Amino acid sequence: MHDHRKLGRELDLFDTDPLIGSGLPYWLPAGAAVRHSLEEYIREVERRAGYRHVYSPALGKRELYEISGHWSHYSDDMFPPMALGGEQMVLRPSLCPHHALIFRSRAHSYRELPLRMAELGGMYRSELSGVLGGLTRVRAIQLNDAHVFCTIDKVADEVRAALELIRRAYRALGITPARIRLSLPGEGGKYVAAPQLWERSTALLTEVLESSGLEYEAVAGEAAFYGPKIDVQIADGAGREATLSTVQVDFHQPEQFDLGYIGPDGSRHRPVMVHRAIIGSVERAVAHLIEQHGGAFPAWLAPVQVVALPVSEEEAPAAAAFVERCLERGLRAESAGPAQGSLGARIRAARLVPYQAVIGAREAAVDEIALRLRDGRRIDPRPTGEVLSHIGELVSGHRTDLW
Ligand SMILES: [Zn+2]
């Protein structure tokens with residue numbers, strides 16, 4: 001596997017600047033194109049799975065995190081609060097408290113449950129500068145998060161559905177999990193003290209894992225402070241593991257925020273919160289994608305999907321017209337003409353672009369395109385419209401095969 005920090009710079013995906021600070025990478029246009037496609041994919045699969053998206057601010061009052069429990073259980077990972085007009089403001093360490101408040105802001109009937117609330121939102125972690133590098137240990141994180149508010153008898157279904165979303169996303173992204181971990185509490189005071197709730201949520205997660213036939217390992221000391229979780233682990237080239245996706249069952253925060261819905265009996269009941277992240281941190285997901293694919297992303301994620309290579313200046317107008325048609329089709333395309341070197345040099349420079357269209361006199365004359373695929377295969381000349389609709393289908397289907 002590759003080192004995403006090295007490739008990220010070579011491929012102009014992201015970088016850092018000492019004046020912005022370590023652990024605070026910025027995304028260059030090529031990296032932003034990958035990230036945008038990934039975020040759009042996630043929003044689309046969530047929409048289809050019945051989630052509704054919200055936006056919430058990346059700051060909140062200290063009091064909010066005292067109620068959620070983050071302040072007493074998680075403050076080592078939080079930035080120090082900022083004093084503002086007699087109040088203390090905190091960069092949020094998670095999105096859950098905001099989503100609990102959004103749920104609480106409106107009355108809910110049992111008919112609205114399960115209520116699935118999703119957001120790709122910012123959060124912050126005060127990583128020590130010594131462990132920062134690239135996109136894997138960052139201080140500003142874009143989290144693919146969601147909370148499902150539901151009755152206890154729907155929790156297993158929601159956990160199962162979340163695991164299925166994760167499985168499908170991994171297929172589209174071309175990544176393989178290293179293992180699935182059932183993360184349980186360990187010794188010490190890091191966890192909220194409510195033994196009955198821990199037992200119930202652990203039993204629910206275990207039941208789903210057992211009935212799904214997935215292989216998993218139970219590990220003590222890796223739970224969230226408010227509940228156990230299923231973690232989908234990925235590994236880098238050196239075999240170092242990290243959690244990419246997670247599904248958690250939480251009885252604690254609904255209690256802390258006094259969440260309620262009106263049941264069929266007309267009285268107020270407490271929902272359960274299922275926390276779930278398909279790709280977790282966008283930064284970590286892209287880092288893993290870079291390492292996994294060595295920069296040769298699946299076509300739907302590629303910064304440039306189609307490159308037009310006119311053989312000589314004669315064909316430059318035909319190449320420009322082809323690029324225009326690609327852009328109209330919603331594809332990311334550009335032209336690399338003779339000013340950028342010999343044809344051989346331009347083909348080498350475009351080696352990570354999935355579709356390379358060499359445009360000679362013949363193609364320019366008859367409105368046909370001959371393709372070189374990134375993996376070395378060649379596709380014989382065929383009408384431009386046909387080529388574009390085939391590429392368009394592969395891209396919109398989030399396929400990992402090139403042709
Ligand atoms: Zn959460």
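These numbers come from a predicted model, not from an experiment.

1. Points about the sheet that holds strand E15 (residues 272–281)
Then, number 1: Taken together, the eight strands give an open sheet; going across it, the order is E3-E7-E8-E15-E12-E11-E9-E10, and neighbouring strands pair in mixed fashion. Both edges of this open sheet fall to strand E3 (52–53) and strand E10 (217–220), since each of them pairs with a single strand only.
Then, number 2: Where helix H6 (residues 155–173) meets the sheet, it contacts strand E8 (140–150), strand E11 (229–235), strand E12 (241–250) and E15, and its direction lies at approximately 5° from that of E15.

2. Digging into unusual backbone geometry
The phi torsion of most residues other than glycine is negative, and most of the peptide bonds are trans.
Then, number 1: In this chain, Leu-113 is followed by Pro-114 through a cis amide linkage whose omega measures -10°.
Then, number 2: Position of Pro-114 among the secondary structure elements: in the loop between helix H5 (96–104) and strand E7 (115–124).
Then, number 3: You will see that Asp-12, though not glycine, has its phi angle at about 55°, which is positive.
Then, number 4: In this fold, Asp-12 is placed in the loop between helix H1 (4–10) and strand E1 (14–15).
Then, number 5: Backbone geometry at Asp-367 places phi at a positive 55°, although glycine is not the residue there.
Then, number 6: You can see Asp-367 is positioned in the loop between helix H12 (361–366) and strand E19 (368–373).
Then, number 7: Residue Asp-367 is classed as partly exposed on the basis of its C-beta count, with 14 C-beta atoms lying within 10 Å.

3. Re the environment of Ser-201
Then, number 1: For Ser-201, the position within the fold is in helix H7 (residues 195–212).
Then, number 2: For Ser-201, a count of 25 C-beta atoms within 10 Å gives the class buried.
Then, number 3: Taking the C-alpha atoms as reference points, Ser-201 and Ala-156, separated by 45 residues in sequence, lie 9.8 Å from one another.
Then, number 4: Setting aside residues up to four positions removed in sequence, Ser-201 forms contacts with Gly-227, Pro-228, Val-249 and Phe-251.

4. Let's talk about the packing of H6 against H7
Then, number 1: Following both chains from N to C, one finds H6 and H7 inclined at 55°, their axes separated by 9 Å at the closest point. For the element pair H6 / H7, the angle class is oblique. Two packed elements cross with a definite hand, and for H6 against H7 that hand is right-handed. Mapping the contact onto sequence places Val-155, Ala-156, Val-159, Arg-160 and Leu-163 in H6 and Leu-204, Leu-205, Glu-207, Val-208 and Ser-212 in H7.
Then, number 2: When grouped by side-chain class, the residues that make up the contact of H6 with H7 number seven nonpolar, one polar and two charged.

5. As for the domain arrangement of the protein chain
Then, number 1: You can read the domains of the protein chain as domain 1 (4–293) and domain 2 (299–396).
Then, number 2: Taking only C-alpha atoms into account, the centre of domain 1 sits 40 Å from that of domain 2.
Then, number 3: In terms of residue class, the side of domain 1 that touches domain 2 is built from five nonpolar, one polar and no charged.

6. Digging into the nonpolar core
Then, number 1: Ranked by size, the top nonpolar core spans 87 residues in total, and within it Val-159, Val-274, Val-286, Val-306, Ala-308, Ala-357 and Ile-359 carry the most contacts.
Then, number 2: It is H6 that provides the largest number of residues to this core, a total of eight residues.
Then, number 3: In contact with Val-286, not counting residues within four places along its chain, are Val-34, Arg-35, Leu-38 and Leu-135.
Then, number 4: Within the second largest apolar cluster, five residues are counted, among which are Tyr-191, Val-192, Ala-223 and Ala-224.

7. Quick notes on the environment of Ile-166
Then, number 1: For Ile-166, the location among the structural elements is in helix H6.
Then, number 2: Residue classification places Ile-166 among the buried residues on the basis of 23 C-beta atoms within 10 Å.
Then, number 3: The spatial distance from the C-alpha of Ile-166 to the C-alpha of Leu-209 is 14 Å, given a sequence separation of 43 residues.
Then, number 4: Look past the residues within four positions of Ile-166 in its chain and what remains in contact with it is Val-232, Ser-245 and Ile-278.

8. Overview of the pairing of E12
Then, number 1: With respect to burial, E12 is a largely interior element, seven of its 10 residues being buried.
Then, number 2: Relative to E12, E11 runs antiparallel, the two being bridged by seven bridges. Bridging from a neighbouring strand, Ala-235 pairs with Glu-241 of E12.
Then, number 3: Between the antiparallel neighbours E11 and E12 lie five residues, among them Gly-239 with a positive phi of about 85°.
Then, number 4: With five bridges joining them, E12 and E15 adopt antiparallel strand pairing. Bridge pairing in E15 places Asp-250 opposite Met-273.

Criteria and cut-off values
- Residues numbered from 1 in each chain as written.
- Predicted model: local features only at pLDDT ≥ 70, side-chain atom pairs only at ≥ 80, totals over all residues.
- Pairing = 2+ DSSP bridges.
- Helix = DSSP H or I, 4+ residues; strand = E, 2+ residues; numbered from the N terminus.
- Contact = placed C-beta atoms within 7 Å.
- Axes fitted to C-alpha atoms, helices over the stretch in contact; angles between N-to-C directions.
- Buried ≥ 20, exposed ≤ 12 C-beta atoms within 10 Å, placed from the backbone.
- Parallel < 35°, antiparallel > 145°, perpendicular 65-115°, else oblique.
- Left-handed = near helix turned anticlockwise from the far one by under 90°.
- Nonpolar A, V, L, I, M, F, W, Y, C, P; charged D, E, K, R; others polar.
- Domains from an automatic or database assignment.
- Core = buried A, V, L, I, M, F, W, Y, C linked by C-beta atoms within 7 Å.

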